[in-house]
Amino acid sequence: MYDRVYNFSSGPAVMPEPVLARAAAEMLNYRGSGMSVMEMSHRSAVYDGIIKDAEALLRELMGIPGEYAVLFLQGGASLQFDMLPMNLATGSGRVDLINTGMWSGRALKELKKLASPRVVASSEDKTFTYIPELTADMFDPEADYVHVCWNNTIYGTRYSELPPCEAPLVADMSSCILSEPVDVRKFGCIFAGAQKNLGPAGLTIVILRQDLIERAPETLPTMLSFRTHAEQRSLYNTPPTYAIYMCKLVLEWLRDLGGVEAIAPVNRRKAALIYDYLDRSNMFHATVGGKDRSIMNIPFVTGDKELDAKFVAAAEAAGFKNLKGHRSVGGMRASIYNAMPEEGVVRLVEFMREFEKNA
Ligand SMILES: *Cc1c(COP(=O)(O)O)cnc(C)c1O
């Protein structure tokens, strides 16, 4: 525990330290079972308690209504770019998509193979530094669904209002799930890879309205059908048992902190500390402005590639890790998920201030 750094990685990302300590304490003998969770049958009574608790906690923390299924899947958020069209684009076959960066771009690439997508709006003209203005008349009311990436991990933008569409809204919340309250009822589907805000890699959460599950054609391959996983409560085959256990520990940690309502103001405060400094600095600048700013991923630049590299190296040496920006944006990016302590952000801003002063 003593040599831990401040890890600003975009994902896999920092985990809450108490969760890691708990997992370590339970590693060899999970609550008197005499074995590690990763050695257990996924059909055992002990494990059944773990997966049921994980689902119940997620339902409690997000206020997920009974008419939604919660699925624990594998294949990453990326497999959902295929499963969603295969299962849901079965009416008109048309899907509306807002292009806000690489992850919606990946979704679009798959949609082109499996359905008839239409890009309703895009922010590509300004390197995805904003969320496009959206009005109801832009959307196809007959679309099977509308795909959005709610928080753009790479470009540091996030939606601050719901797109005014009639078709079911499908949101990739991989990098923002549980960071702020959302009204699940406004979405047909919310999905997220676990490795940013929920736990380790290997697990994907899919929250899906029951009537949308019914759309899955009977001819779909068994493992690619939401119906299979909903009917079998994510136990058709072996689920990622240990990742689900870790996710359960993260959810318990969040519940004990007071849930999403309690962590959201902390997240906003952490983000404001960095943005306020960036807005005043003569050296560092945020690449995103105003209401579209993400509170989870904050890209920033100096405008000078050499100075960027110098800063990243100095930060690494001082124990602030993984601040290098994504290769498509350059510069820096601080990912400050739920598990990043406020102190880490305070210390980072202090470090940036010192670096600027001494330059
Ligand atoms: C990380 C990320 C993905 C990709 O997730 P995988 O689990 O690697 O497939 C997709 N969408 C968003 C918004 C992400 O942040």
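Residues numbered from 1 in each chain as written. Predicted model: local features only at pLDDT ≥ 70, side-chain atom pairs only at ≥ 80, totals over all residues. Heavy atoms only, no water.

Here we look at the packing of aromatic side chains
Condition: Whether two aromatic rings pair depends on their centres lying within 6.5 Å, for rings of Phe, Tyr and Trp, where Trp uses its six-membered ring; planes under 30 degrees apart make the pair stacked, over 60 edge-to-face, and the rest tilted. Numbered from the N terminus, helices here are DSSP runs of H or I no shorter than four residues, and strands are runs of E no shorter than two.
Following the criterion strictly, the structure yields 16 aromatic pairs and no others. Relative to Phe 355, the ring of Phe 311 lies with its centre 5.1 Å away and its plane at 80 degrees, an arrangement referred to as edge-to-face. A residue pair is termed long-range when its members are at least 10 positions apart, and Phe 311 in helix α9 (residues 305-317) and Phe 355 in helix α10 (residues 342-358) qualify at 44 residues. By the ring-pair criterion, three or more aromatic residues cluster together here, those being Tyr 6, Phe 8, Tyr 277, Phe 284, Phe 300, Phe 311, Phe 320, Phe 351 and Phe 355.

A look at helix α3 (residues 76-88)
Counted only if it meets this: To estimate how far a helix should reach, multiply one less than its number of residues by 1.5 Å. At every residue, the bend is computed as the angle between two fitted axes, covering the seven residues ending there and the seven beginning there respectively. Under the scheme applied here, a residue whose accessible area is under 20% of the maximum for its type counts as buried, over 50% as exposed, and between as partly exposed, the area being computed with a 1.4 Å probe on protein chains only.
Across its 13 residues, α3 extends 18 Å between first and last C-alpha, which sits within 8% of the 18 Å expected from 1.5 Å per residue. Maximum bend of α3: about 30 degrees, positioned at Asp 82, with proline Pro 85 one to four residues after it. Among the residues of α3, Ala 77, Gln 80, Phe 81, Met 83, Leu 84, Pro 85, Asn 87 and Leu 88 are the ones counted as buried.

Quick look at the sheet that holds strand β5 (residues 145-149)
Test applied: At least two DSSP bridges between two strands are needed for those strands to be called paired. With axes taken as lines fitted to C-alpha atoms, and helix axes fitted only over the stretch in contact, angles between N-to-C directions fall between 0 and 180 degrees. Should any heavy atoms of two residues lie within 4.5 Å, those residues are counted as being in contact.
In spatial order, the strands read β2-β10-β9-β8-β5-β3-β4; together these 7 strands make up an open sheet with mixed pairing. The open sheet has two free edges, formed respectively by β2 (68-73) and β4 (116-122), since each of these has just one partner strand. Along the sheet, successive strands turn relative to each other by an average axial angle of 20 degrees, direction set aside. Where α3 meets the sheet, its contacts fall on β2, β5, β8 (169-172), β9 (189-193) and β10 (204-209), and the angle it forms with β9 comes to roughly 155 degrees. Against the sheet, helix α4 (residues 102-114) engages β3 (94-99), β4, β5 and β8, with an angle of about 160 degrees to β3.

Observations concerning the site of the ligand
The cut-off we apply is this: Any residue with a heavy atom positioned within 4 Å of a molecule or strand is treated as near that molecule or strand. Here a polar contact is taken to be a pair of N or O atoms separated by no more than 3.5 Å, where protein atoms must pair a possible hydrogen donor with a possible acceptor and residues adjacent in sequence count only if both atoms sit in side chains. Only the protein chains shown count as covering a residue, and every accessible area follows the Shrake-Rupley method with a 1.4 Å probe. When residues are grouped by polarity, Ala, Val, Leu, Ile, Met, Phe, Trp, Tyr, Cys and Pro land in nonpolar, Asp, Glu, Lys and Arg in charged, and all others, Gly among them, in polar.
All residues in the neighbourhood of the ligand are listed as Gly 76, Ala 77, Ser 78, Trp 103, Cys 149, Asn 151, Thr 153, Asp 172, Ser 174, Ser 175, Gln 195 and Lys 196. Ala 77 has a polar backbone atom sitting 3.1 Å from an oxygen atom of the ligand. Note that an oxygen atom of the ligand is positioned 2.9 Å from one of the side-chain N or O atoms of Gln 195. Relative to its free-state accessible area of 390 Å², the ligand is covered by the protein chains to the extent of 87%. Of the residues forming the shell around the ligand, the biggest block, 3 residues, is contributed by α3. Across the shell around the ligand, the residue classes break down as 3 nonpolar, 7 polar and 2 charged.

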